[in-house]
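Understanding the architecture of this molecule
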Amino acid sequence: MRSTPSNRPGARGTVRPGHARPAVTRQDARATPHAAPHPVAPRPAPPHPGRRPAAGTAPPRRTDPRRPATRPRYVPRALPPHLWFAGRLLDVLTGRRPLTSLAGRVRDEAYQRLWMLHAERADWRRRVHGRTPYVCRCRVFATANGALEVTAVVALDDDVIRAIAFRLEPGTADSGPGYGRARWRCTDVAAR
């Protein structure tokens, strides 16, 4: 093989792909002192699978101040009782929820009245077919004994506005299920 600048021992040049650079021997190192081999540090053995690295060998924790802080988990706030009941009563009267979804949160007399309203307001179900009704406005009047009297203006369609009125009373731990910590229950309901 002819000696060219690229294949001479100790010479710097390009290595063709698929060809290894010839190893530098002691004799070559003496002949060209500037091409002495550099000592190579031994590579650490890969960790055994299933074993944790020894203490003090883990990489340091990141302390970059630009790193985004972890966000607190979003917990939605519970709706006030008058808004929750207005939405549920509207859903029941328009047929979007079954009447039994309010069982235990509506007292006996109000539950019977809600059954009658559900039958009387069949036109509400026809009006909202394929649309989403919503509560436009809700007004609350607190009574002296702690009950809430609520009037809600609801929209069934773009030009169809109706009203729902109902009364909420707080319950006790023995009074059964209700809404919220105060165990609010509906005791009377009307719709026009």
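Scroll up to find the structure this text is about.
The paragraphs below set out a description of the structure included in this document. (Residues numbered from 1 in each chain as written. Predicted model: local features only at pLDDT ≥ 70, side-chain atom pairs only at ≥ 80, totals over all residues. Heavy atoms only, no water.)

**Details of the overall build of the protein chain**
Helix and strand counts for the protein chain come out as four helices and four strands. Tracing the protein chain from N to C terminus, the helices and strands come up as α-α-α-α-β-β-β-β. Taken across its 192 residues, the protein chain has 23% of its residues classed as buried. (Helix = DSSP H or I, 4+ residues; strand = E, 2+ residues; numbered from the N terminus. Buried < 20%, exposed > 50% of the residue type's maximum accessible area, 1.4 Å probe, protein only.)

**Quick notes on the packing of aromatic side chains**
Tallied over the full model, the rule gives four aromatic pairs. Plain terms: the ring middles of Trp84 and Phe85 are 5.1 Å apart, the flat faces sit at 85 degrees to each other, and that makes the pair edge-to-face. Phe85 matches Trp84 in its accessibility class, with the two residues each being buried. On the numbers, 6.4 Å between centres and 85 degrees between planes, the contact of Phe85 with Tyr179 is edge-to-face. Residue Phe85 is located in helix H2 (residues 81-93), and its partner Tyr179 is located in the loop between strand S3 (161-169) and strand S4 (185-191); the two are separated by 94 residues in the primary sequence. Assessed through its relative accessible area of 0%, Phe85 is described here as buried. (Phe/Tyr/Trp six-rings, centres within 6.5 Å; stacked < 30°, edge-to-face > 60°.)

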